[in-house]
Structures are given as structure tokens and as C-alpha cells.
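Given next are the chains, with one letter for each unit.
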Amino acid sequence: MSEPLALNYQYYGGEGNPPMVILHGLLGSSRNWTSVARELVRDFEVFALDLRNHGQSPHSAAMDYPLMAADVKAFLETNSLQSVTLVGHSMGGKTAMRLAVDAPKSIETLVVVDISPKTYASHNRSELSVMQSLPLDVIKSRKEAEMHFEDFGIKDWAHRQFLLTNLIRDPDRGGFKWQVNVSGIDQNMERIAANPLNPEERYTGPTLFIRGEHSTFMKDEAASTIQNHFPYSRIDVVSESGHNVPVENKSAFLESISSLKNTDWGCSVCPQLLLKNEIHLSAFIQKSLNSPSVEKISLNL
């Protein structure tokens, strides 16, 4: 395995609180989490990372979940972060699962947002193709870029705006350039779509899965697979949201995160906590959210 990359990150504050590290999804960046992170600092010291080939982090021709997890592990070690709450959305959620298995002692609680430990179809190839077709040396404005996206089949306005967060001015040549490594991601899409875990791998620490009610990324049948890999887990189903849960129903997403400190994970002492010599569970006393926006599904009964 190659040397880990030094990842760029945004620090949102919360010094003195327990550390939280956030990992974005495919074609996203740490900036996508700004609104949510500013709320989370009430309870956590929040770091949001740019994964390799994204945001301001280094580019690489190599990209898979062991490599991305190693990058995040190096970030934790460099910044002396221990017992973190690790939050990952989509591709970031797969990276978080991989790191939980590879370095369980680094993690206090794992939070996976709207993704399952499985292989998915490489559905992003069409939009990557459209991004690569954009004539960067010709377009004069972001509006022209957006029109190109619409003409080439990206009809959803919000999704066009999301993709355009990766388009930045090129100070050396003029015009625009992609901040994200579009070609590198495209060449590694099969690895990105792959299951980050092997069938026998398990993480025995407290794990929260957050699923969007209308998302197509997490189905009911995912529960048995999740339980196999994460025996001390719970699924929260957030209403009125699809795949991008933190944006589509931020308040309910924050309620789900807030519930972590009051959750009974179904074990008198979780094996993962024993690994860290933490034999008390005073932080995991079950308390209902009393929120119609969040449905809890316990998997550890």
C-alpha cells in the first residue's frame, strides 16, 4: 500500500468537546457540511475532511477504500485525535466502515449516512462523462457550465449546483478547472462502487446508520447485512429526505446525531469499548427522541 495522503480539512470549532470527524460523499467536499457542522459544535469538536481526489486534498491515480481509510487514520494520528465520533455520508460512509474495521480503537461511535456495506452500480459514470466533456478553456461563466450540464441530461437544478461546487477558476491559465480529480475518480469507479467490507469482517462498537425515508441507496433488506457486520447498531429513518439526508432534513438529522449520547446499544459492555478499557456505559442510557421525523430500528435485539 502506498503512503497515506495528507488530507485537507475544515475545522469548525467546539474545542473541549469530544472529537467528531466528518467524511463527505462522492464529488462532495468538506464545504458541503458547513451548515450542519456549525450546529454540531455545540456537542462536538468538529473536523470535516476532503477525501483524496476531492476538495483541496491531493490527487492520486489510486483510489479504493483501504487507501482512503488509511488517509483518514493518518489524519487522526497527525492531529492526536482519539475515540472520535466518525460520520461518513455515502462514499464517506463506506470509508468510515473500512476504517472502523481497520482501526477500531480510534473510534468511539460510528455514524454511517445513507449507504450500506454492499456493492452498488456505478451510477455516477454518466455525470462524470458530462463533467469531462465540459470545454474548460472555452466557457466564460459558471452559468455556461450549468447550461452545458442541462443540455447533456443533468436536469435537476440542485444536482447541477452540487456538481458545480467542484468548478473553480484557474489562476494560471485563466478560465476554469475541476478541483476534483474527475478522470481519477472515473477510472476508479468500480472500486468506489464496491463493498468496502469482506463478508466475515465486523465492527463491534456502537454504530448508527441514518437512512433517508425516500432514498434508493438503503433498502429494508439491508438490515440483516448491517447486523452481520455491525452487531451493536441502530438504523434511524429520517422522514422527508432522500439520499442527502443532512441537507434535505437537517433538523431531524441533527436530532438523530444528538441521540447518540442517550442510546442503549444493547450490550452491558460492548466488546469494542472493552478494547479501549472503557467499562462504563453511563452515556448510553436509552432516551426517546419523541420526534415524528426519526424512526428508530434496533438491530441488536
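Because the structure is a prediction, the values reported are computed rather than measured. (Residues numbered from 1 in each chain as written. Predicted model: local features only at pLDDT ≥ 70, side-chain atom pairs only at ≥ 80, totals over all residues. Heavy atoms only, no water.)

A. Geometry of the pairing of strand β5 (residues 107–113). Counting buried positions along β5 gives 7 out of 7 residues, so the element sits mostly inside the fold. Taken together, the 4 bridges between β5 and strand β8 (residues 207–212) define a ladder with parallel strand orientation. When the bridges of β8 are listed, Val111 appears paired with Leu208. (Buried < 20%, exposed > 50% of the residue type's maximum accessible area, 1.4 Å probe, protein only. Helix = DSSP H or I, 4+ residues; strand = E, 2+ residues; numbered from the N terminus. Pairing = 2+ DSSP bridges.)

B. Highlighting helix α4 (residues 125–133). Those residues of α4 not exposed but buried are Glu127, Leu128, Val130 and Met131. When α4 is viewed along its axis, its buried side chains cluster within an angular range of 160° and face the same direction. On its buried face, α4 sits against α5 (142–151), α6 (157–164), β7 (176–178), α7 (182–187) and α8 (189–193). (Arc of directions from axis to C-beta. Contact = heavy atoms within 4.5 Å.)

C. Focus on the packing of α5 against α6. For the pair α5 and α6, the least separation of the axes is 10 Å and the interaxial angle reads 125°. With respect to their mutual orientation, α5 and α6 come out oblique. For α5 against α6, the interelement crossing comes out right-handed. In this structure, α5 contributes Arg142, Ala145, Glu146, Phe149 and Glu150 to the contact, and α6 contributes Trp157, Arg160, Gln161, Leu163 and Leu164. Here the contact of α5 with α6 is composed, by residue class, of 5 nonpolar, 1 polar and 4 charged. (Axes fitted to C-alpha atoms, helices over the stretch in contact; angles between N-to-C directions. Parallel < 35°, antiparallel > 145°, perpendicular 65-115°, else oblique. Left-handed = near helix turned anticlockwise from the far one by under 90°. Nonpolar A, V, L, I, M, F, W, Y, C, P; charged D, E, K, R; others polar.)

D. Molecular detail of the pattern of salt bridges. Under the criterion given, the structure shown has 13 salt bridges. Of the charged contacts, one joins Glu150 and Arg160 as a salt bridge, the two residues approaching to 4.0 Å between their closest N and O atoms. With a gap of 10 residues between them, Glu150 in helix α5 and Arg160 in helix α6 connect regions that are remote in the sequence. The residue Arg173 makes a salt bridge to Asp170 at a minimum N-O spacing of 3.3 Å. Looking at Asp170, the relative accessible area reads 8%, which means it is buried. Through salt bridges with shared partners, a single ionic network connects Lys143, Glu146, Glu150 and Arg160. (Salt bridge = Lys/Arg side-chain N within 4 Å of Asp/Glu carboxyl O.)

E. Expanded view of the packing of aromatic side chains. Inspection of every chain in the model, using the stated rule, returns 9 aromatic pairs. Look at Tyr9 and Phe75: their rings are 5.0 Å apart centre to centre, the planes differ by 65°, and that puts the pair in the edge-to-face class. Taken as a pair, Tyr9 in strand β1 (residues 9–13) and Phe75 in helix α2 (residues 65–78) lie far apart in primary sequence, 66 residues in all. We classify Tyr9 as partly exposed; its relative accessible area is 33%. Centre to centre, the rings of Phe209 and Phe230 are 5.4 Å apart; their planes meet at 65°, and the pair counts as edge-to-face. Within this pair, whereas Phe209 is found in strand β8, its partner Phe230 is found in the loop between α9 (222–229) and β9 (233–238), the two being separated by 21 residues in sequence. A residue is classified by how much of its surface remains accessible, and Phe209, at 0% relative accessible area, is buried. Through pairs of rings, three or more aromatic residues link up here, namely Tyr9, Tyr11, Phe47 and Phe75. Across the ring face of Tyr120, the terminal group of Lys118 is positioned such that the distance to the ring centre comes to 4.9 Å. (Phe/Tyr/Trp six-rings, centres within 6.5 Å; stacked < 30°, edge-to-face > 60°. Lys NZ or Arg CZ within 6 Å of the ring centre and 35° of its normal.)

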